[in-house]
Structure formats: C-alpha cells, structure tokens
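What follows is each chain in one-letter form.
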Amino acid sequence: MTDAELAATFLTIGEEYERFRPGFPAEIAAAVAPSRVSSALDLAAGTGKFTEQLVSRADRVIAVDPSEPMLAELRRKLPDVTALIGTAEAIPLADAGCDLVTVAQAYHWFDPEPASREIRRVLTAAGRLALIWNGPDPRCTWDSDTYLIAHPHQDDEPADADHDADALPRRDVPGFTQVDSIRLSWSERITRADYLNRWMTVSTFLAADEQQRRELVRRVEAVLDAHPDTRGRHTLHLPQVTDALIYEPTV
Ligand SMILES: C[S@@+](CC[C@H](N)C(=O)[O-])C[C@H]1O[C@@H](n2cnc3c(N)ncnc32)[C@H](O)[C@@H]1O
C-alpha cells in the first residue's frame, strides 16, 4: 500500500479518532506559539486535537484537512475556527496571511516539495512553521513493540529514528531552516480496551482487511499479555514523547 493510500484512510474516520487519539501537552503549544499571533493555520488539523490549543494563542485560527468526517468533529468542538477542506499541496488560502502554520502528526503524509512551497506561500515573511508528533517513549518497551507492529517501516516519526528519548529531534523541510526543537516526556493512564481502540485509528489498521486487522490486534494483545507492566492489567500507564520542530523560511 502506498503512502497516499494510507493517508486516504483518514477520509473515512472522525468520531473514533477524536475519541481514542491522545491530545497534545499545553507546554508544546506554549513553545510553538510563545506570544499571541494574528493568524494561525493548523494544517492537516484532523478533529482539531492540536487546533484547540491554538484558539487562545491566535486572533484567528484556520483548520485545513482533506477529511470531511475529521472536520465535522472539529467544527462541532471548535465552532469559532474556520475549517476548510484542502490539502497541504493546495492550501485554500491567500498568500502571506498566516503568522504560524502548525502540522501535528501529519507532515510525513505530505509530498514535501509542493507542501513546503504552499506553506511558504501562505506564511508571512516573519512567519514560522511547527511540526509536532506524539510518539512512543523508547524507554517503554511494550509500547515501542506495539508501535513497530503498526509502523513496520517507522515512517511515522521525525527524522531521528534513533530511539533516544533525550536526543533533540531534527528533520529537513525543503525551503525552511530548523531554528528550534522541543522534546517533552509525559504520560497518561489508558484502559487496555482504549489502547487497542487507539490502534484502530492508525492508518495501518484502517487500511487492513478484517483478517489482517484481527492478526494485527492479536499481535498487539500478545505484547500486552507478555510484558510484566501490562499483563493482566485493566489500566495501563503509558509514557509518551512529544516533539515539536520549529522552522523559519530559508532566506
Ligand atoms: C494522524 S491525523 C492527524 C490529525 C491532527 N493533526 C491530530 O494531530 O490529531 C493525519 C491527518 O492528516 C490529514 N492528511 C493526510 N494527507 C494530507 C495532505 N496531503 N494534506 C493535508 N492533510 C492531510 C488526514 O486527513 C488526517 O486528518
């Protein structure tokens, strides 16, 4: 299955994504938008899990995503945000109107050259781009093992796939210079059932047929049943790492 086909799996999901996917720590939004801006675009906004953090940090917040079910959830939750169908490669906005573009959990789905050109086009001259990813804490072996079941090619994370929780993340973006990066460790409590439900919202599981999905779930359950931190537990303690990579247009 190609990346484009995997990305298209999000066209059919909204409610479950909103219910089971994690949000983002407020510290990350504070680092991405340390002072209030006039206009912020959350690109590939999905159901608005990062967009909601921008509402108190920008006079105008715009959300763009190709998935109508995702944006339906976002509109319900954030009625004051302008939500537009569109893609990173063809952003439905005028030139030079955004002080900040954020992309949470999605830059890896973009075609980098046209998307970066479009992001540059909609940014003001002093504007910034922030790429954000939640990911497994490499020190948590059971979650890292299930992550590898869902991401056998590890293409869902920033460039430094070195599994070092203390390393600062880097990723090249055409036409941009990385000026900062933040890595934050945090944790949540999640029931085993919701942990499994969360995996159902990941592209590999969405793209799988019934038999393949049963096999993926069986493998995740086998990890949970084998590890001493998860075996027989109803509630799991799940460490997370969130990366934010900040860029300015290269002059
Ligand atoms: C994993 S979800 C992330 C959603 C949201 N940003 C979040 O963090 O919860 C990936 C999102 O990227 C969107 N997407 C996929 N390909 C895209 C593209 N080429 N341009 C813009 N959005 C895209 C999907 O529709 C989906 O909503």
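Now for a look at the structure at hand. As the structure is a computational prediction, the values presented were derived from the model and not from experiment.

A closer look at the overall build of the protein chain
- In terms of helices and strands, the protein chain carries 10 helices and 7 strands.
- Expected size for 251 residues packed as a compact globule is a radius of gyration near 18 Å; at 18 Å, the protein chain falls within 12% of this value.
- Dimensions along the principal axes, computed over C-alpha positions, put the protein chain at roughly 55 × 35 × 30 Å.
- Each of the 251 residues in the protein chain was classed as buried or not, and the buried ones make up 38%.

Overview of the environment of threonine 204
- Mapped onto the elements, threonine 204 comes out in helix α9 (residues 203-207).
- Taking C-alpha positions, threonine 204 is 27 Å from leucine 168, a pair spaced 36 residues apart along the chain.
- In contact with threonine 204, not counting residues within four places along its chain, are Ala150 and Leu216.

Describing unusual backbone geometry
- One non-glycine residue with positive phi stands out, namely alanine 44, at about 60°.
- Structurally, alanine 44 can be placed in the loop between β1 (37-43) and α4 (51-54).
- The class of alanine 44 is buried, set by 25 C-beta atoms lying within 10 Å.
- You will see that glutamine 105, though not glycine, has its phi angle at about 60°, which is positive.
- Residue placement: glutamine 105 occurs in the loop between β4 (98-104) and α6 (112-122).
- Here glutamine 105 falls in the buried class, since 21 other C-beta atoms lie within 10 Å of it.

Section: the sheet that holds strand β7 (residues 235-249)
- The strand order across the open sheet built from 7 strands is β3-β2-β1-β4-β5-β7-β6, with neighbouring strands paired in mixed fashion. Looking at strand neighbours, the two that pair on one side only are β3 (82-85) and β6 (176-191), the edges of this open sheet. On average, each strand axis in the sheet is inclined to that of its neighbour by 20°, with strand direction left out of account.
- In the sheet, β6 pairs with β7 via 15 bridges, with the strands oriented antiparallel.

Cut-off values and rules
- Residue positions are counted from 1 within each chain, in the order its sequence is given.
- For a predicted model such as this one, the threshold for reporting local features is a pLDDT of at least 70, and the threshold for listing and counting side-chain atom pairs is 80 or more; totals across whole chains, interfaces and linings nevertheless cover every residue.
- Per the convention used, a helix needs a DSSP run of H or I reaching at least four residues, while a strand needs a run of E reaching at least two, with both numbered from the N terminus.
- What the globule rule says is 2.2 Å times the number of residues to the power 0.38, and the radius of gyration is computed from C-alpha atoms.
- The burial criterion counts other C-beta atoms lying within 10 Å of a residue's C-beta, which is placed from the backbone; the residue is buried at 20 or more, exposed at 12 or fewer, and partly exposed between these limits.
- For the purpose of contact definition, each residue receives a C-beta atom placed from its backbone, and two residues are in contact when these atoms lie within 7 Å.
- Strands are labelled as partners when DSSP assigns at least two bridges between them.
- Orientation is described by lines fitted to C-alpha atoms, with helices fitted over the stretch in contact, and by angles between N-to-C directions that extend from 0 to 180 degrees.

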